[in-house]
Amino acid sequence: MEIKVEPKTIEIKVEQEAMERKIHLDIPEATVKKTKEEEEQPLSPAARVFHAPEFNCYVITVIGVKKKIEPDVVIEGLKQTLIRHPRFSSKMDHKTNKNKQTQRWVRTNVVASDHVIVPEIQTQNIENTNADKLLESYVSDLTLVPLDTSKPLWELHLLDLKTSDAENVAVLKFHHSLGDGMSLMALVLACMRKTLNPDELPTLPYQNRSSSGSSRLTGGSRSGFRFLWLFMVLWSMIMLVLNTICDALRFIATAMFLKDTKTPIKGDYRLSKPKRMSLVHLTVSLDDIKLIKTTMKMTVNDVVLGVTQAGLSQYLEKRYEKKKKIVGDNQEYKSYPNYMPKRIRLRSALLINLRPTTGIQATDMMDKGSKCRWGNMIGYIVFPFSIGLRKDPLEHLGTAKRIIDRKKNSLEAALTFIGGKFMIKAFGVKVTANLLNRVLSNTTMSFSNLIGPIEEISFFGHPITFMAPSVYGHPHALTMHFQSYMNKMTVSLTVDPMVISNPHQLLDDWEESLRNIKTAVQERGSTYQ
């Protein structure tokens, strides 16, 4: 079902009610003065790669709200928040200096209404299921429409559309060169406030990145503990070096010749033209994931990876089962449930945030001395899923945890980030983009997990029900994003409909795998009581 996106002229009325809400982004005065002096800034190496034709990526986030959206209030709120940020008030400019073309961010006057699109959608007599399909069709259409480079590279679509999980929907689209998921999420959240206390910023779960098990041994004063601690440190360093070398060699092999198994979810996108992508999402209980996490003594990310491995195995088993063979003279078709290969190489590019701190740092991310830098501070690790049906669903958790624990004891993510910057300086953006395109083309999918607020937040006075971020433009037929919010987890899929024509089935298999693992955890817990 196609929807024509026709921007509606919006008369901006600065209402007294909107002014009294005092919605603003608290940017320090020194930062404001500094950004005014720096009217032009060169694109970072990562931003230049994201603008290369071989790797032109966009971020798109679907936001559901509990009430009918008021466009005038949203536009006034954007004036006080988003467009005050340098990246959202700068356009990309090409300059030629000594036969060398450079790309720079140039500050410009932003008219908020030019970036807000309110399409006319006939919603009379539309049921929730049809509304969900309407939303999916609308967002899918957006993946074919590039952003206007004569303006800052972002736009906000406000849909007066009631879906099964929201009263109205907003769709925020921006170019990946503006920043990675963590920096952009921090900025978007900095524009929002707690619903119960509009003067407070959203609260994110606390994460201690620097803690480690070895630090607990340093308190020992006896020589035996000191020797054990020294031995563990030396052993950890040796394993860190060995794991990093192995991962680096595998990464090089992937760039050269090592390809994933051709499965029903793997596409072939090397240097291909942009395609229409479909975006779907599912919201599940975060409490169920935390129950598994606590019982199995894992992290939320470990559980999500394990459930994803189980869900992919179940989905692929069904896809392979559809292969049929003609048997006998009666031309009968017979299915073979075990047709799925026993050994499948299926790897995912896991996006890793390399910043030392997490949280809402939008006000000082642009400062050079900031610990939480703005931009694309992400690295990749190649995560191999162990595909196959298991009698005990908890085996998926154990396998995923062993792999990710070994990956944590490696500098693969930092190495890909540093290596990428070196490649750009040494060989240029085009060669680097081609290399990255080749590496991802030889893997199957992408995976990321973002932490969201633990309390209900509002988008300029509109309480939010869910947030579903995703990325498209890279050479994968499947991308999975996980976004936590309050006591919920939203699973977002970006798929190529020519490869994965039934993405909702994959979501159903993921949800069923979560239920099976939760049941197995509860049964195992009851046997030990």
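Each value, and the rule that gives it
- Residues numbered from 1 in each chain as written.
- Predicted model: local features only at pLDDT ≥ 70, side-chain atom pairs only at ≥ 80, totals over all residues.
- Heavy atoms only, no water.
- UniProt positions renumbered as here; feature names shortened; annotations may be inferred.
- Helix = DSSP H or I, 4+ residues; strand = E, 2+ residues; numbered from the N terminus.
- Patch = residues over 30% accessible without salt bridge, like charges linked within 9 Å, V, L, I, M, F, W, Y side chains within 5 Å.
- Areas by Shrake-Rupley, 256 points an atom, 1.4 Å probe, with all protein chains shown as cover.
- Salt bridge = Lys/Arg side-chain N within 4 Å of Asp/Glu carboxyl O.
- Buried < 20%, exposed > 50% of the residue type's maximum accessible area, 1.4 Å probe, protein only.
- Phe/Tyr/Trp six-rings, centres within 6.5 Å; stacked < 30°, edge-to-face > 60°.
- Lys NZ or Arg CZ within 6 Å of the ring centre and 35° of its normal.
- Polar contact = N/O pair within 3.5 Å; in protein donor to acceptor, adjacent residues only side chain to side chain.

Draft legend 1. A look at the UniProt feature "transmembrane region" (unreviewed entry) in the protein. Cross-referencing UniProt, the feature "transmembrane region" (unreviewed entry) maps to residues 227-249 in the present numbering. Between the C-alpha atoms that bound residues 227-249 there is a distance of 33 Å. The span itself is 100% helix and 0% strand.

Draft legend 2. Inspection of a nonpolar patch on the surface at higher detail. Judged by side-chain polarity, F227, L228, F231, M232, W235, I238 and L242 come together as a nonpolar surface patch covering roughly 730 Å² of accessible area. You can see L242 is positioned in helix α8 (residues 223-256). The partly exposed category is assigned to L242, whose relative accessible area is 43%.

Draft legend 3. Geometry of the environment of I126. For I126, the position within the fold is in the loop between β5 (116-117) and α6 (128-142). Through-space distance from the C-alpha of I126 to that of K162 is 8.8 Å; in sequence the pair is 36 residues apart.

Draft legend 4. Representation of the packing of aromatic side chains. What the rule picks out here adds up to eight aromatic pairs. Measuring from ring centre to ring centre gives 5.5 Å for F482 and W510, while their planes differ by 40°; the resulting arrangement is tilted. Of this pair, F482 sits in strand β17 (residues 478-485) while W510 sits in helix α14 (residues 503-527), placing them 28 residues apart in sequence. Through a chain of ring-to-ring contacts, three or more aromatic side chains come together here, namely F88, W154 and F174. Of note, K173 hangs over the ring of Y58, and the distance from its end group to the ring centre comes to 5.1 Å.

Draft legend 5. Up close: the side chain of T432. Looking at where T432 falls in the secondary structure, it is placed in helix α13 (residues 429-441). The class of T432 is buried, set by a relative accessible area of 8%. A polar side-chain atom of T432 sits 3.4 Å from the main-chain carbonyl oxygen of M423. At 2.8 Å, the side chain of T432 and the backbone oxygen of G428 are in polar contact.

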